[in-house]
Amino acid sequence: MPEPLRSYVAGEWRAGTATLEDVNPARPSEVVAEVQAADAALAEEAITAARAAFPAWRDTPAPARGEILRRAADLLEARAEDVGRDLAREEGKTLAEAIGETRRAVAILRYYAGQTLEPDGETYPSASRSTFLYARREPVGVVLAITPWNFPIAIPAWKLAPALAYGNCVVWKPAELVPLTAVHFTRAFADAGLPAGVLGVVLGRSGDVGATLLAGPVEAVTFTGSNEVGRRLQLEAIARGAKVQLELGGKNPAVVLADADLDLAAEQVARGAFLSAGQKCTATSRVIVERAVLEPLAERLVEHARGWRLGDPLDPRTVVGPLASPAQLERVAGYLDGARRDGGTALAGGGPAAIDGGYYMQPTVLAGLGPESAVVREEVFGPVAALLPADSYADAVDAANDTPFGLSAAVFTRDLGRALRFAKDVRAGVVKVNQESAGLELHVPFGGTKASSSGSREQGKAAREFFTEWKTVYVD
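Residues numbered from 1 in each chain as written. Predicted model: local features only at pLDDT ≥ 70, side-chain atom pairs only at ≥ 80, totals over all residues. Heavy atoms only, no water.

Quick notes on helix H9 (residues 262-274)
Here H9 spans 18 Å end to end across 13 residues, near enough to the 18 Å set by a 1.5 Å rise per residue. Taken as a whole, H9 has its buried residues at Leu262, Ala265, Ala266, Gln268, Val269, Ala270, Gly272, Ala273 and Phe274. On its buried side, H9 packs onto strand E12 (252-256), strand E13 (284-290), helix H10 (294-307), strand E17 (364-367), strand E18 (384-390) and strand E20 (408-412). A distance of 3.2 Å separates the backbone nitrogen of aspartate 263 from a side-chain oxygen at the start of H9, and that oxygen is part of aspartate 261. Downstream of H9 by one or two residues, serine 276 has phi in the positive range, about 55°. (Helix = DSSP H or I, 4+ residues; strand = E, 2+ residues; numbered from the N terminus. Expected span 1.5 Å × (residues − 1). Buried < 20%, exposed > 50% of the residue type's maximum accessible area, 1.4 Å probe, protein only. Contact = heavy atoms within 4.5 Å. Polar contact = N/O pair within 3.5 Å; in protein donor to acceptor, adjacent residues only side chain to side chain.)

Here's the deal with the packing of aromatic side chains
In this description, an aromatic ring pair is defined by two values, namely the gap between the centres and the angle between the planes. Applying the stated rule across the entire model yields ten aromatic pairs. Aromatic side chains phenylalanine 185 and phenylalanine 189 sit 4.9 Å apart centroid to centroid with 65° between the ring planes, which places their arrangement in the edge-to-face category. A residue pair is termed a helical-turn pair when its members lie 3 or 4 positions apart in one helix, as phenylalanine 185 and phenylalanine 189 do in helix H6 (residues 179-191) at four residues. Each member of the pair, phenylalanine 185 together with phenylalanine 189, is buried. (Phe/Tyr/Trp six-rings, centres within 6.5 Å; stacked < 30°, edge-to-face > 60°.)

A short note on empty space enclosed by the protein
Tallied over the entire structure, the rule returns two cavities of 30 Å³ or more. Volume-wise, the largest cavity comes out at about 90 Å³. Gly278, Ala283, Ser285, Glu379 and Phe381 are the residues nearest the centre of the largest cavity, which is lined by 15 residues in total. Class assignment for the residues of the lining of the largest cavity results in six nonpolar, six polar and three charged. For the second largest cavity, the calculated volume is near 50 Å³. What lines the second largest cavity is a set of 15 residues, among which Pro253, Phe405, Gly406, Ser408 and Arg427 lie closest to the centre. Elements that contribute at least two residues to the lining of the second largest cavity include exactly E12, helix H13 (393-401), strand E19 (405-406) and E20. (1 Å grid on protein atoms, 1.4 Å probe; cavity = no way out; pocket = protein on both sides within 12 Å on 5 of 7 lines; lining within 4 Å. Points joined across faces, edges and corners; volume = space filled by probe spheres on them. Nonpolar A, V, L, I, M, F, W, Y, C, P; charged D, E, K, R; others polar.)

What to know about the sheet that holds strand E5 (residues 121-124)
Hydrogen bonds along the backbone pair up the strands of a sheet, which may run parallel or antiparallel. Read across the sheet, three strands follow the order E5-E6-E24 without closing on themselves; strand pairing throughout is antiparallel. Every interior strand has two partners, whereas the edge strands, E5 and strand E24 (468-475), have only one. Averaged over all pairs of adjacent strands, the angle between their axes in this sheet comes to 20°, without regard to strand direction. (Pairing = 2+ DSSP bridges. Axes fitted to C-alpha atoms, helices over the stretch in contact; angles between N-to-C directions.)

A short note on the sheet that holds E12
Strand order in the open sheet formed by seven strands is E14-E17-E18-E13-E12-E20-E21, with mixed pairing between adjacent strands. Of all strands in the sheet, those with a lone pairing partner are strand E14 (345-348) and strand E21 (430-433), marking the two edges. When strand polarity is set aside, the average angle formed by the axes of neighbouring strands in this sheet is 25°. The pairing of E12 with E13 spans five bridges and is classified as parallel. Looking at E13, one finds that asparagine 252 is bridged to threonine 284.

Re the layout of surface pockets
The space that makes up the largest pocket amounts to roughly 1200 Å³. If you go around the largest pocket, you meet 39 residues; those closest to its centre are Phe223, Thr224, Gly225, Ser226 and Val229. Among the elements of the structure, helix H7 (206-215), strand E10 (220-224), helix H8 (227-239) and helix H11 (326-341) are those that each provide at least two residues to the lining of the largest pocket. Within the lining of the largest pocket, the residues separate by chemical class into 19 nonpolar, twelve polar and eight charged.

What about the side chain of serine 7?
Here serine 7 lies in strand E1 (residues 7-9). A polar contact of 2.9 Å, which involves the side chain of serine 7, links it to the backbone nitrogen of leucine 203. The residues touching serine 7, leaving out its near neighbours within four places in the chain, are Glu12, Trp13, Arg14, Ala38, Leu42, Val201, Val202 and Leu203.

As for the pairing of strand E11 (residues 243-247)
Along any regular strand, the residues point their side chains to alternate faces of the sheet. For E11, the buried fraction is high: four of the five residues fall into the buried class. With five bridges connecting them, E10 and E11 associate as parallel partners. Each bridged residue has a counterpart across the sheet, and for alanine 220 the counterpart in E11 is lysine 243. Once you follow E10 into H8 and on to E11, the crossover reads as right-handed. Bridge count for E11 against strand E23 (residues 453-454) is two bridges, and the pairing is antiparallel. Residue pairing in the sheet places glutamate 247 in a bridge with serine 453 of E23. (Right-handed = clockwise from strand over helix to strand, strands pointing away.)

Set out below in structure tokens:
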């Protein structure tokens, strides 16, 4: 077993006070790594180090900051297969998905390295002949980033890269299920020459260090995770004047209209529902289908659910890997039990799969559920798709909007007019036409409506809104 993983504070790898095990969800008897978990004192040190490093990092020319991101991207690209393999082993997504996610992080780093060469302000005409008037964007200060386990390198990349590019220091609390991926990502920054203190990484249980980090003197908090935790965090952070950015849950619909290409629709819905074992906030979970094509669409979707290989993420034949933890398996199984009590029928799947003692859930297609069933209302975060009939386009849109969430939505139709009308009618931050509800490009804004998001958008140039603030200057 290699040396235990440690937190990264003030440019040094620091030991913790307790040892945790990082296990493989495909084979829980396999320990991927041991982790020396941080305590509250080490969390405080990380914030102190970030505050001390901020003035020099803020004053570092933006192109020089970009060069460090570019070097980190090069290092991560060279290590992508090793990082992806470790990501698959500790999180459970397939090797192809894990390597692809690592390469996405590389692309994000390069994108924000390029943003350091973009204009950082603008000039304005003044009413006074003798006044030169301009405004520029400046970093907010120290940012606390709290990230989930389901995209353990892509989501950190789209938070850390813009934060650092725009001159902030960051204290990062990665999810406790994916410490090895977090260490890989941190090493890329450290090896690229990021100055000590600019990035601090605190490993361990959120309950042990989360309150300390949140109570610390940080100017901004960016969080991706559950609604329950996010809203609690938001209240605490706002009470002390910190900016807050939340990316929370989704209950994403795919609307299949009667004129759709059903082969395309079924394949894309399956991708959105079952890839990454359905563990993504943009996953397709409600499949709203006009009655005329409900049966043939269901047949095609069931064929995908039954035909896609479930198994070891490192096996190249595997399409769907395990859930990330026993808690996830219990959660998804509980929703399926509830669906049966509500009168639902599993057309495919319907329960766990016994494979090497891993946390496997069969890709599941449900039918016969009403709109009030918990599996239709709440985020399941597993490979589960519920089929819901619709009598018309208007009925389908009403069903799509009948949710407290508003992250992503998809529509399948050959009618361009209807597609554009759906994009206007549906309440979601991301709309996909003839594509799965998941799958995002890195240079465009990302976020949702209603209970799915709060604060300014992530990704692309929109990230600048959160990680910087305007300063207006009058020169006479």
